[in-house]
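Okay, here's what each chain looks like letter by letter:
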Amino acid sequence: MTAPVLRPPGSWLARAIAAVAAVAVTAVAAQAANRANLRDPWSAQEVATLASMRLKEAGPRPADPSNAYEQRAEAAALGRALFTDKRLSRNGEVACASCHAADKQFQDGRQFGEGLGQGKRRTMPVMGAAHAPFLFWDGRKDSLWSQALGPFEDAAEHGGNRVRLARLVQAHYGDSYQAVFGPMPALGKLPDDASPAGTDAERAAWATMTQGSREAVNRVFANMGKAIAAFERKVSYGESRFDRYAEATAAGDARGQEVLSPREVRGLRLFLGKGQCATCHNGPLLTDHAFHNTGVPPIARAVPDRGRADGVRKLLQDEFNCLGPYSDARPEQCGELQFLATDDPGQLAAFRTPGLRNVAERAPYMHAGQFSTLEQVVQHYATSPKAVTGHSELAQPGERHADRQAIRLSAADIQDLAAFLRTLTGPVVQAGPVREPSY
């Protein structure tokens, strides 16, 4: 028998590691060589920033612990039907899809949302909302399902009331409801119209109901929101020209960079640099999900919108928040809610940072549609006006903040930045079509 060849312990492993290291070094060298030949050179840090802004970096939507049904197909199917059902409004003419229209980027293109009446703020799109810790411009809701409930009882939107809505679900969606949530609670004999958030008569009728009846109605109402949230999670952004550019730049693909024009690339450099846009509009959804006062002029100067300052109060009082009795979360899973500051002066007239994906398709802009074009939006930041209410975070001309200085942009810079913002448009992706239901 031939004696085995003895090798020093670990020699094969050392050779394998050396081979992998050699491949890695070669790959890094190749990438460096490719980047050196790029049409648009960027520093290593800038390449890393661009890579972090690619849509694919958003990953799967985080699970919402307060909604145990959000990933069930049956819940999404029920939610899609509720989303388009106009019967869930006082006049039978308003659905969620009336303001969040599939052919309008899941918003409405108006300065103010319109249902039974006219609201006071701009309609926000559905895409990307599942990634946000707080919803609405003032963050008064902390989940997709809770957010979906507000418009149903808002006098300017659906104008409905909780008892009538629960009865409608019982009458038209009983089987679908049971398939998701189990048997519908026994609603018993109830007033025709009652709600703690309705008219004086509806609130009085709600007060006459037993505690058990109120809880049963609230449970059905909460589950309506949870089903709608399951549907809305399936609506997302598709990749844009910017994503293809960022991918090409990260890969050292010179030809791939041609997807953006030189003007659009100049705008991108301004976005990351002296325009200071990426301070708040960062990450794959181009938002920090925070609230900022940037001196946007109020529509009514005599009665300015207090924004986040009032939104925090409403959120903490909301029985449908993460810590409420209709949430499926454990208290320790509601960290965002438990550590909210309620006395921060910076919250006054602060509004949620909107994501910039598909922004060119969503005029007008800001929380109350104050600006009609992207150029006007950029000009606002270059002008940096003082806030009418609260204090703007933008440094004023001649003033330097601890972490930033005044934004200075030329007329050409403004045009270039607006051109870049238009490259962020991609398709709206749905897991299934949104159609008017046949009754």
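See the structure above.
A quick note: this is a predicted structure, and the numbers were derived from the prediction, not measured.

Caption draft 1: Representation of the overall build of the chain. A tally of helices and strands in the chain yields 15 helices and four strands. Summarising the internal contacts of the chain: among those between residues at least 6 apart in sequence, 71% fall at separations of at least 24. Within the structure as shown, the chain displays about 20,900 Å² of accessible surface, and the carbon and sulfur contribution to it stands at 54%.

Caption draft 2: The arrangement of the nonpolar core in detail. Formed by 54 residues in total, the largest nonpolar core has its most connected members in L82, F152, V217 and M224. For this core, the secondary structure elements donating two or more residues are α3 (73-83), α4 (96-99), α5 (144-153), α6 (162-172), α7 (174-181), α8 (200-208), α9 (211-232) and β1 (235-237). Ranked by residue count, the leading element in this core is α9, at 11 residues. Apart from the residues within four sequence positions on either side, F152 is in contact with L88, C96, H158, G159, G160, L165, F221, M224 and I228. Within the second largest apolar cluster, 35 residues are counted, among which are F242, V265, L268 and F271.

Caption draft 3: Inspection of helix α2 (residues 44-52) at higher detail. Within the span of α2, buried status applies to V47, L50 and A51. The arc that holds every buried residue of α2, seen down its axis, measures 100°, which confines them to one face.

Caption draft 4: Examining the pattern of salt bridges more closely. In total, this model carries 30 salt bridges according to the counting rule given. For K226, the salt bridge goes to D328, with nearest N and O atoms at 3.0 Å. Of this pair, K226 sits in helix α9 while D328 is found in the loop between α12 (308-317) and α13 (335-338), placing the two residues 102 residues apart along the sequence. Here K226 falls in the buried class, since its relative accessible area comes to 0%. The class of D328 is partly exposed, set by a relative accessible area of 30%. One salt-bridge network, in which partners are shared between bridges, spans R54, K56, E57 and E247.

Caption draft 5: Region of the structure containing unusual backbone geometry. In this structure, the amide linkage connecting A363 to the following residue, P364, adopts the cis form with an omega of -5°. Within the element layout of this structure, P364 appears in the loop between β3 (351-352) and α14 (374-383). Phi at F136 is positive, roughly 75°, even though this residue is not glycine. Structurally, F136 can be placed in the loop between α4 and α5. The class of F136 is buried, set by a relative accessible area of 16%. A positive phi angle, near 60°, is found at Q276, a position not held by glycine. Topologically, Q276 is positioned in the loop between α11 (262-272) and β2 (291-292).

Conventions we followed
- Residues numbered from 1 in each chain as written.
- Predicted model: local features only at pLDDT ≥ 70, side-chain atom pairs only at ≥ 80, totals over all residues.
- Heavy atoms only, no water.
- Helix = DSSP H or I, 4+ residues; strand = E, 2+ residues; numbered from the N terminus.
- Contact = heavy atoms within 4.5 Å.
- Areas by Shrake-Rupley, 256 points an atom, 1.4 Å probe, with all protein chains shown as cover.
- Core = buried A, V, L, I, M, F, W, Y, C linked by side-chain atoms within 4.5 Å.
- Buried < 20%, exposed > 50% of the residue type's maximum accessible area, 1.4 Å probe, protein only.
- Arc of directions from axis to C-beta.
- Salt bridge = Lys/Arg side-chain N within 4 Å of Asp/Glu carboxyl O.

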